[in-house]
Amino acid sequence: MMEGKGAVLVTGGAGYIGSHACKALRREGFLPVTFDDLSTGNPAAVRFGPLVEGALHDARALDRAFAEHRPIAVMHFAASSQVGEAMARPGRYWRNNLGGSLELLEATVRAGVGALVFSSTCAVYGDRDGEVLDEGAPRLPLNAYGASKRATEDMLRDFEAAHGLRHVIFRYFNVAGADPEGEVGEAHDPETHLIPAMIEAVRGMRPALTIHGTDYATADGTAVRDYVHVLDLCEAHVAGLERLLQGGTSRAYNLGSGTGYSVREVVEAARAVTNREVPVVEGPRRAGDAVRLVSGSRLAADELAWTPTRGLRAMIEDAWRWHTGPGFGPRA
Ligand SMILES: NC(=O)c1ccc[n+]([C@@H]2O[C@H](COP(=O)([O-])OP(=O)(O)OC[C@H]3O[C@@H](n4cnc5c(N)ncnc54)[C@H](O)[C@@H]3O)[C@@H](O)[C@H]2O)c1
Ligand SMILES: O=c1ccn([C@@H]2O[C@H](COP(=O)(O)OP(=O)(O)O[C@H]3O[C@H](CO)[C@@H](O)[C@H](O)[C@H]3O)[C@@H](O)[C@H]2O)c(=O)[nH]1
């Protein structure tokens, strides 16, 4: 099944970021074919192309998906991705993220597909407060989540050398926001990410937002992150894919805005957007968390002509609109 520019196999297409990527791909004339086991994803989010229900560890299911849909490239989002859980259950992270990616890379090579875009994370850098985080910074992850992503990056390098599988690695900072048209959004249960958790607290779906740590060495004592709108992020993915399809060489790019916000600053922004108080309680630090993660790179701007255009306010507004709208919200 082909559409316009061709099919793209999107692992994790039923998840938060993958579903937004499918919408962006469809808009640009590709046919996104979602491959997802629905472990944390939602079938209602698969709206822009077919769904193949399958797990990364199932080599036969992968081979069938490649044979049936003949994708010209792969976008690999499927993963376990919570830092807290990775501290408690590291085996799940190594098995799902590294083992699952290994099966996918082998199936990609068997199918003769030569281009893959991979979701990595700034968690590969570890806790590097005070250092400029560009793509050349040493990768010293603090947790099994970041370590499994670093290992997958290394595996990609080896698969390129041996099999010619070219890749773009995107190291995301904190992804937030939702489709402003309300077709897809972020819905995890339970929700661990700051902005949707905060929205749940504002709506009374949880008693309060717990601030994980108020004794960090930052201006207000709470941890600092670089938030990037999911729409901006997906535009970078299309640009990265086009680069590969035009024969570009493999690359790793940070995807962040370069601006950091503390947890308390995000809470204040949510109060301003929703015009409601955010109930908060102060708790201890969350194991595995870094104090500050902010991108210090212009490589994606220089090579992909990508700069994020949507700020923190737009992220909270779009997430709020989706969560309070008729979509397939977390407990809709
Ligand atoms: N959300 C963020 O801020 C952020 C930041 C950095 C990196 N990332 C990365 O982006 C990617 C997507 O994250 P997300 O926030 O959309 O997560 P998500 O949990 O919403 O989506 C992951 C999707 O992958 C599917 N999946 C998981 N394991 C699978 C397997 N073994 N086989 C098939 N499908 C499987 C899930 O069902 C789900 O639909 C992940 O690789 C994550 O590590 C996310
Ligand atoms: O209820 C909450 C949730 C989060 N936080 C804090 O808010 C910040 C952001 O947390 P969260 O939204 O959970 O994101 P991260 O733990 O920073 O991880 C996200 O961002 C990483 C890149 O930074 C990705 O690799 C991960 O996949 C993604 O989950 C951190 O300081 C958390 O400690 C709270 O204080 N209370």
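Shown above is the structure to which this text applies.
This structure is a prediction, so every number in the text was calculated from the model and none was measured. (Residues numbered from 1 in each chain as written. Chains lettered and ligands numbered in written order. Predicted model: local features only at pLDDT ≥ 70, side-chain atom pairs only at ≥ 80, totals over all residues.)

Broken down by element type, the protein carries 10 helices and 14 strands. Relative to a compact globule of 332 residues, whose C-alpha radius of gyration would be 20 Å, the protein shows 19 Å and is just as compact. Judged by the C-alpha coordinates and their principal axes, the protein covers about 55 × 45 × 40 Å. Taken over 332 residues, the protein has a buried fraction of 50%. Within the protein, contacts between residues at least 6 apart in sequence are counted, and of these 79% link residues at least 24 apart. (Helix = DSSP H or I, 4+ residues; strand = E, 2+ residues; numbered from the N terminus. Rg over C-alpha atoms; globule rule 2.2 N^0.38 Å. Buried ≥ 20, exposed ≤ 12 C-beta atoms within 10 Å, placed from the backbone. Contact = placed C-beta atoms within 7 Å.)

Let's shift gears to the site of ligand 2. Taken together, 22 residues lie around ligand 2, and Thr-121, His-193, Leu-194, His-212 and Ala-223 are the ones closest in. Those elements giving two or more residues to the shell around ligand 2 turn out to be α6 (194–202) and β8 (209–212). No other element matches β8, which puts four residues into the shell around ligand 2. Looking at the shell around ligand 2 residue by residue, the classes come out as 11 nonpolar, eight polar and three charged. (Near = placed C-beta within 6 Å. Nonpolar A, V, L, I, M, F, W, Y, C, P; charged D, E, K, R; others polar.)

Here we take up the sheet that holds strand β5 (residues 115–121). One open sheet holds the seven strands; their spatial order is β3-β2-β1-β4-β5-β6-β11, and the pairing between them is parallel. Each edge of the sheet is formed by a strand with only one pairing partner; in this case those strands are β3 (51–53) and β11 (251–255). The average undirected angle you get between the axes of adjacent strands in this sheet is 20°. Bridge count between strand β4 (residues 73–76) and β5: three bridges; the pairing is parallel. Residue pairing across strands places Val-74 opposite Leu-116, the latter belonging to β5. (Pairing = 2+ DSSP bridges. Axes fitted to C-alpha atoms, helices over the stretch in contact; angles between N-to-C directions.)

What follows covers the site of ligand 1. Close to ligand 1 lie 26 residues; Gly-12, Gly-15, Gly-41, Ala-79 and Ser-81 are nearest. Going through the elements one at a time, α1 (16–27), α4 (90–110), β5 and β7 (174–176) are the ones with two or more residues in the shell around ligand 1. If one sorts the elements of the shell around ligand 1 by residue count, α1 sits on top with three residues. The residue makeup of the shell around ligand 1, split by class, is 11 nonpolar, 13 polar and two charged.

Moving on, we get to unusual backbone geometry. That bond from Asp-189 to Pro-190 is cis: its omega, 5°, falls within 30 degrees of zero. Its place among the elements puts Pro-190 in the loop between β7 and α6. Phi at Arg-70 takes a positive value of approximately 45°, unusual for a residue other than glycine. Mapped onto the fold, Arg-70 is located in the loop between α2 (59–69) and β4. Taking the number of C-beta atoms within 10 Å as the measure of exposure, Arg-70 has 16 and is therefore partly exposed. At Ala-305, a residue that is not glycine, the phi angle is positive and equals roughly 55°. When you line up the elements, Ala-305 lands in the loop between α9 (299–304) and α10 (312–324).

Another point: the pairing of β5. Burial within β5 is extensive, with seven of its seven residues counted as buried. Burial of the side chains of β5 extends over both faces: Ala-115, Val-117, Ser-119 and Thr-121 are buried on one face and Leu-116, Phe-118 and Ser-120 on the other. Bridge analysis of β5 against strand β6 (residues 166–172) gives seven bridges, and the strand direction is parallel. Note on β6: the bridge partner recorded for Val-117 is Val-168. Chirality of the crossover, the property in question, places the unit of β5, helix α5 (residues 144–163) and β6 among those that are right-handed. (Right-handed = clockwise from strand over helix to strand, strands pointing away.)

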